[in-house]
Every structure is written in C-alpha cells, then in structure tokens.
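Architecture and fold: a report
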Amino acid sequence: MPATRRADVEALLRAKKLDRTLVPVTKGSGLAIAPETATTGLPALDQQLGGGLPMGHFSEVVGPRSSGRTSLLMAMLAAATRRGELAALVDTFDMFDVESMAAAGVRLDRLLWVRGETSTSAFPPATAGRRQPGADRAIERALKATNLVLQAGGMSLVALDLADAPIQALRRIPMTTWMRLQKVLEGQQAAAVVTGTVPLSRSAGGVTLALTRGSEDRRDSGFGIRDSRSETQTSALRGFPFPGIESEIRIQRARLVPGMDGAPVRLTAAALVA
Amino acid sequence: MFACLYVPPPAGDAPDATRGFITRSRGAAEPLYAGDETVTSALLDIARMVSPRVAARGRCQVVIDVEGLERLLGDPRAIGERLRQAAEGRGIAPVHVAVAGTCTAAMLLAAARAGVTVVAAGEEAAALAGLPLRTLSVLSGTAEVASSQYSVASRRKTEARSKKQEVRSELAPSRAPNPESRIPNPGPLSVLSRWGLRTLGELAALPTAELSERLGQEGIRWQRLARGEDTGPLVPALVEEPFEASLELEWPIDGLEPLSFVLSRLLDPLCQRLEYRDRGAAVLHLRLRLVTRALHIRSLQLPAPMRDAKVLRTLLLLDLESHPAPAGIDAVTVAIDPTPGRIVQESLLTRAMPAPELISTLVARLQALMGDGRCGSPALVDSHRPGAFAMAPFVVEQGQKQEARSKKQEGVVCSQYSVASRPNPESRIPPLDVARGGPELVEGPNPESRVPNACLRRFRLPIPARVLMDGGRPITVRTDRQALPGGRVGASAGPWRTSGEWWKTAAAPGTTELASRRGRAGWNRDEWDVALSDGGLYRIFEDRDSGRWFVEAVVD
C-alpha cells in the first residue's frame, strides 16, 4: 500500500476513533498512543507495560494453579484501593480469602466483593460426569454481575475471577459475550482483569500476562517454591519451609505496549504465614 | 413586629402534680388539665393561623412574626385580640398576649402582663423599665425547652437512620447553630439582685463598660435583654410533614410490572415534596395489602439520603424481586422517613466517587442476581477461626468526608494488616520438625511494600481427601474431585495445631455451613502446607476429632 494511501486510511480511522482497536502499533508509524493506565502495584511490571493495565480494555492474568495469579490480582486491587479508588471483584466460585486480601494491602472498605456460588460447583466429584451445570451457571452469573458492575461505572478496577473454572465451561462462553463486555467497558476510566488458566477474553487493547511457577534454575523442589534449605538463610525467614513462592510474569500479548521484548518480571510472593 | 402568646403556670394548688395548665373545653363542666407539650402544640396551631413564621420559645410560650400583617388582620392590637380569642376558643385560658417591636420585648411583656399588651416599635425599653428583674427568668427557661425540642426532633430523625448515621446526628446538635443557646447563663441574675437591682429599667441603665468589667459578656447580654434587644433571629419551627402516599387499587395486581407503574405514581409526588423540603429518604417503607387481607411489608434502609423517584422505585422493585408478595395486591402504601438532604463537598485532589444512588442500585441488582449476603465489602472479624470473615455494606463516602476518612483509616488498615498477616503465637503450636528450627514470627509486610503476599483461595466447603502419612509427614494426597486429583507430596510444612470455639454449638449464630453439617461449631485440627506433584501448593488439615483429612485452600 502506498504510503500516502496508508496515511489517509490511518487519518480516517483516527477521526472515527478506531485507531486503537484496528491499527497495530508499529515502530515509526507515528500512531504510538499512550493509553491511560492503571498501575499493577509492581513497578517492574508497570515499567514493561508502559504504566500499567490499559484502561477501557479487558486484560488477562493467566497461568496454572499456584502460579501467583491471585497474588498478582491482589496487588492490582491493593494498588487501586490504596489510591482511594473503588474496585470490584467478581468471585465466581467464592474462593477469595479475606485475610489474604487484607494482608496484601487491599482497602477492604473500597472493594465491592461479589461472591458467586460455592466452589463445589467447580470441583464436582469424579462421579458427576463431564458436564458441569453448576459451573456453567456460576460462570453465567459471574458474567452478568460483571456486566452490571461495568454498566454502573465508577470502579477503577473490575476483576473477574475465573481461575478455577473448568476449561470446557469457559470454552462454552460465546465470543460475543466478551465483545459485549468490552463494548460496555470501552471509554471508561476503568481497567478490567480476568484471571484464568488460558487466554480467553482479552480485548484488542488489553494485555495478557502469563504466569509460570518460577524459573528452571530456581525450581529446587520442582514446584516453583523457593526452599530455604537451598537458599542462604536470612534471619527473618529462617526455619520456614516455604519462605517465598516464585512466579515469572511474561507479557504474552499487548497491542498497545511499545516493546514486549523485555525480560520476564519475577514475582516473589512473601512468606506464607496466614 | 413580634407577637407572643404565653400561658402562665397555674397557682400552686393545681391538682396535677406534674405542672399542668387549666384548659376549659366548651360545654365541659369541669376544667381539664393538660401538660406543657399539649399546650405549646395548641399555641403553635393558633399561631400558624396568623403567620407561618412561628417558634416555640420556652414553656407554653410561642413567638409569632407578625410583620406585614396589618393590611390583612388590622393593627397590632387587633392581631393581639384575634390571637387571644383564638386561644380562648380552643379552651386555653388565661392567655397573655404581647405585641412589640422585638421578640425579647414581646416575650417579657407577655410573661409579666395579663391580657393583650401592645408596645410601639422603639418604645420597648421604656415599656420594660418597670418590670421586675425576675421576669428575665422566663427567658432562662427558653434554652432548656428549645434544646429538648431539638433533641426530640433529632431523636425522630435518628430513628430513621442507620446506626452509623445515628452517631453523626448525635454529634450534630453540638455543632448546629442554635439561636436559643444565645440566652445567657442565668447565674448573674442572682448577683444583680444582690446588688439591689429590682427592675429591668435599673439593669438597662447601668453603664455597659463597668457591667462588663464585673460580669463579663454574660452581664452585657442580660442588659441587652433588659432593654428589649434581640440576641438572635427568630428561627421558625417547621411542621413535621408526613411523607406517605397510598393508593387503593380497583383491581388486584399481580407481578412487578403493573406494580412499577403504581409505585411511580406514588413516588413521583413524594420525591418532589422531598426536594421542596430539601429532604432525602433515609428509610423507605412499602406496605402492600394483599387480597388475603394480609400485609406484606418491606423496609429498605438506604445508605445515603436519596430523593430520585426512579432510583427508589428500582430499589423497591429489586427488593420485591427477591421477596415477592405471596398474593395479589389490593392497596399500596409508600412511606418515607425523611432526613436532611445530602451536602457534598467534592475534592479537587481525589477522583469523584459514584453517587450513592448508583451504588445502591448496583448492589440491589447484584443481590437480586447472586442472592442476599453475597455482595458487599469484605470485613475481618476478631476470631482465630480459619477463613472467618464478614460482609459489610458497600457504602461510598462522598467528597471531603471520604478523603478525611481514608486518611484516618490508614492506621486502621495497618493494624488490620498486621493482625491478618502475623500468626497468633497463642493459636499456633510450633512445627514438630525440630531439626529445621523453631518458627519465628515473620513480620507482616509493609502495606506500602512492593512484595505481594501469597494469597489463599479457600474452599468454603473443604474437600475431603485421602492422605498417606510416613514418618509423621504426609507423602500423598488424593481427592475424588476431577479438577483436584492430588498427587505425591514434594514438600510440606507443618503441622500447625489450632483449636477453638469448642464451647459453641452448631446452632449458634455465625457458625459456618461446614460446622452445621458436622453438628459442631468449633474446630480442632492440624494444618499442613503441601506442594503436590500436580503442580499446586495446598493447605490441608486433619480434623483431630474425626481423624478425617480435608483440602482447605490453594495457595496462588
């Protein structure tokens, strides 16, 4: 495409305010838009993301169990509530621990906690068969609750927790659902985060943060848990078998972030003492 | 010009021991005795026939602003006569009426002289000069009565508010500018009597500077009153207006949609009246009379004063969605407990919070979707029970209040934080593995710290597990759940032995669902944190009473 034609198209898209969603940010294109961001609470990650999570878009935090998804989400909620803003957490299977929230620094009075069905629906007995109607119902309700929260506005961070949702149930969510939610969020001064096991819901301008359980050279016990026996013991952590849980955060996809070639951010959760 | 209606106390031989006033109803052979409040209320009714600007000042004493009523009612004497006749017509006798240029002069003259007394404007000091000094004691009772009336009004308001707002309203009277509080301390009156002063004229004639040197500002205020000068403006008493509307339906209705129209019809004028009065709804009552003659009553406690008809209607409908009427509806009544309107001072430094109407509607919608008690703010509870928490209403403080509160709460958050993150040495028994050294108290991370805490994801109903032990430590953990197969234990920490609430029964309030199922409220267990070969890090525990194992949480 000739350069002049391309510039014309880009100018038209800019006029229609479609430049964020349709035109990829390329170096030297002159379209490097600095989106408004919400800090994640981790300076190293914020630096790589160009300030934090983009507002007006759905972002994702994905990873396997015990990879630190909840810890990262709590750090985000803590950052938002400590700024004096409101945040909402849609807890699909009612699994969040209030003591952990408080310990992570979340201002509880600024958090709207929407508790879904109990975790039994996500963890049915093996005899229950493949189909899990309880999980489907819980996810559907959680999506409706997220929609209500987004429509009401006023929250600076809206988190939807699908970390324990069965992958089959998640795949049954129509794509249009995510598009509809994205449409509601668009233009708001709010960031939205979905936690899950696989990338599923990220909108065009959002980011996908993939978490893994620590780097290979640190996996002394093979589970991403830093074992104090192999570390130089510090006085504060001496004697505690699980002084920290290491995770690596990689920016898997981010359209509006200028460079994604940075080193993964290492997340070391503080000692588990709760 | 001001008029004052005053009913003097009866002589000491009144049959009512609790100070009553004789009221003679027409045609009644025996006089009736009524209390202060009844007489004052009757006087206010009479005064409102003449002017809306009326105020109760003191026991059985009512002041009326009659300025500008000459063309309507005649000269001041005619106004006074009219008031006296109206009082006698209501059976209140004797009644003293005084009309003067100032409120204070009218009150003092009414207290001292029977019948109707009229003093031209500017001649108050001369008219008061001959009155005895003790007449001023009438004014000293004013503050007491006014404050009691204020507290009655305040009490009524606080009944309609939540507990938190009650505290606020209790504090309000001390800050509110109460004009009655300008009545000086009656202490100096006895000093003046000892000086030999007998009349108001003698007090008014004293040199002000010397009086101030001896009695301070209190003395000056009493002197101003003796001259008939007002110390504050007249604050008219407002009529307490009931905010209630009802509608009898020709045909019973069933379902929310037709009810929505009825509610709109009732709420629109109510909210308009609230706006005119600068009031907001604190509590919203809905009474539905059903075809079965039963009453279906719902009351909504609102987190902030509201007067938007659409919002109130939505809240009522959402509440009825969760608590529907069991039969067709015959009559609908909506009543509102009013409270002063909300005044919000926004801050330039913080992001504007969403309106309480918006938050209330959102929470009501979410509760209708998820169920009661499933939506709100999480709150910590003072308990060692693992996973204990409470749900608090999600309330947004507005403007500067919110800013001030957030500053104040920084300390609270820190203290909560340390409670949550630091293990209680009394509730934990050290791990049995002595070789690894005893546990040390790990300092809870600073809230400002950039290091996140490892968070738990709790199963509210712990998942039963099969645990194989070797050498006192778990080596495999298995469950019968598809998504949680378990595996070999790679690393473990524990056991942490905790117990508590053994004195409670399962039926005690606040017990968990699990406790209800087990039939016991307390807990007695050994906790382990284990890393399994399936890649997860879990918290498991053994119930020491039953010997059964459970997976309680995932560390994530």
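Our structure's up above, just so we're on the same page.
A look at the sheet that holds strand β6 (residues 96–100) of chain B
All names here are of chain B.
- An order of β4-β5-β1-β6-β7 is seen for the 5 strands of this open sheet, with the pairing classed as mixed. Of all the strands in the sheet, the pair left with one neighbour each is β4 (54–56) and β7 (116–118). Pairwise comparison of adjacent strand axes, ignoring direction, gives a mean angle of 15° for this sheet.
- Bridge count between strand β1 (residues 2–6) and β6: 5 bridges; the pairing is antiparallel. In the strand pairing of β6, C4 is matched with A98.
- Packed onto the sheet, helix α3 (residues 76–89) meets β1, β6 and β7 and runs at close to 160° relative to β7.

What about helix α6 (residues 133–152) of chain A?
- For α6 of chain A, which comprises 20 residues, the first-to-last C-alpha distance of 29 Å matches the rise-based estimate of 28 Å (1.5 Å per residue) to within 8%.
- For α6 of chain A, the complete set of buried residues consists of A135, A138, I139, R141, A142, L143, A145, T146, L148, V149, L150 and A152 of chain A.
- Looking at the packing, one finds that the buried side of α6 of chain A touches β4 (87–91), β5 (111–115), β6 (157–161), α7 (167–171) and α8 (175–185) of chain A together with α13 (356–370) of chain B.
- Positive phi shows up at G153 of chain A, right after α6 of chain A, with a value of about 75°.

Here we look at the nonpolar core
- Counting 132 residues, the largest nonpolar core has L77 and L157 of chain A together with I540 of chain B as the members making the most contacts within it.
- Of the residues forming this core, the biggest block, 10 residues, is contributed by α6 of chain A.
- Contacts of L157 of chain A, omitting those with residues within four sequence positions, involve A38, M76, L77, A80, A87, A190, A191 and V193 of chain A.
- In this structure, A86, A110, L128 and L192 of chain B belong to the second largest nonpolar core, which totals 56 residues.

Quick notes on helix α12 (residues 309–322) of chain B
All names here are of chain B.
- Relative to the 20 Å expected for 14 residues at 1.5 Å per residue, α12 spans 20 Å between its end C-alpha atoms, a close match to the ideal helical length.
- Residues of α12 that are buried include every one of A309, V311, L312, R313, L315, L316, L318 and L320, and no others.
- Buried residues along α12 sit against α11 (256–276), β9 (279–290), β10 (295–306) and α13.

What to know about the environment of E527 of chain B
Residues and elements named next belong to chain B.
- Summarising the element assignment, E527 is placed in strand β17 (residues 523–532).
- A residue is classified by how many C-beta atoms lie within 10 Å of it, and E527, with 18 of them, is partly exposed.
- The spatial distance from the C-alpha of E527 to the C-alpha of G494 is 6.3 Å, given a sequence separation of 33 residues.
- Apart from residues no more than four positions distant in its own chain, E527 is found in contact with G494, P495, W496, T498, R539 and F541.

What to know about the sheet that holds strand β15 (residues 473–481) of chain B
Residues and elements named next belong to chain B.
- One closed barrel accounts for 6 strands, arranged β14-β15-β16-β17-β18-β19; its pairing is antiparallel. Ignoring strand direction, the axes of neighbouring strands in this sheet form an average angle of 45°.
- Two strands pair when backbone bridges link them, and strand β14 (residues 456–470) and β15 are joined in this way by 6 bridges, in the antiparallel orientation. Directly across from V467, in β15, lies its bridge partner V477.

Some details on the environment of A531 of chain B
All names here are of chain B.
- Note on placement: A531 falls in strand β17.
- Note on A531: 28 C-beta atoms within 10 Å, which makes it buried.
- Residues A531 and G487, spaced 44 residues apart in sequence, show a C-alpha to C-alpha distance of 9.1 Å.

Observations concerning the packing of α12 of chain B against α13 of chain B
Residues and elements named next belong to chain B.
- Close contact between α12 and α13 brings their axes to 9 Å; oriented N to C, the two are set at 15°. As the angle between them shows, α12 and α13 are arranged roughly parallel. Where α12 crosses over α13, the handedness of that crossing is left-handed. On α13, the residues touching V311, T314, L315, L318, D319, E321 and S322 of α12 are E357, S360, T361, A364, R365, Q367 and A368.
- Counted by class, the contact of α12 with α13 contains 5 nonpolar, 5 polar and 4 charged residues.

A look at the packing of α11 of chain B against α12 of chain B
Residue and element names in this part refer to chain B.
- Packing of α11 against α12 brings their axes to within 9 Å, and their N-to-C directions diverge by 145°. Considering the relative orientation of α11 and α12, their crossing is right-handed. When α11 is examined against α12, the residues L256, S260, L263, S264, L267, D268 and C271 are found in contact with a partner set consisting of A309, L312, R313, L316, L317, L320 and E321.
- Looking at the contact of α11 with α12 residue by residue, the class counts come to 9 nonpolar, 2 polar and 3 charged.

Comments concerning the pairing of strand β19 (residues 548–555) of chain B
All names here are of chain B.
- By the criterion of burial, β19 is predominantly enclosed, with 7 of the 8 residues buried.
- As paired elements, β14 and β19 share 6 bridges and run antiparallel to each other. Its bridge partner lying in β19, P464 is registered against F550.
- Here strand β18 (residues 537–543) pairs with β19 via 7 bridges, running antiparallel.

What to know about unusual backbone geometry
- In this structure, S66 of chain A takes a positive phi of about 65° despite not being glycine.
- Tracing the backbone shows S66 of chain A in the loop between β3 (58–62) and α4 (69–82).
- Under the C-beta neighbour-count criterion, S66 of chain A is labelled buried, with 27 such atoms within 10 Å.
- Phi at D278 of chain B takes a positive value of approximately 50°, unusual for a residue other than glycine.
- With respect to the secondary-structure elements, D278 of chain B resides in the loop between α11 and β9.

Parameters and conventions
Residues numbered from 1 in each chain as written. Chains lettered and ligands numbered in written order. Predicted model: local features only at pLDDT ≥ 70, side-chain atom pairs only at ≥ 80, totals over all residues. Pairing = 2+ DSSP bridges. Helix = DSSP H or I, 4+ residues; strand = E, 2+ residues; numbered from the N terminus. Axes fitted to C-alpha atoms, helices over the stretch in contact; angles between N-to-C directions. Contact = placed C-beta atoms within 7 Å. Expected span 1.5 Å × (residues − 1). Buried ≥ 20, exposed ≤ 12 C-beta atoms within 10 Å, placed from the backbone. Core = buried A, V, L, I, M, F, W, Y, C linked by C-beta atoms within 7 Å. Parallel < 35°, antiparallel > 145°, perpendicular 65-115°, else oblique. Left-handed = near helix turned anticlockwise from the far one by under 90°. Nonpolar A, V, L, I, M, F, W, Y, C, P; charged D, E, K, R; others polar.

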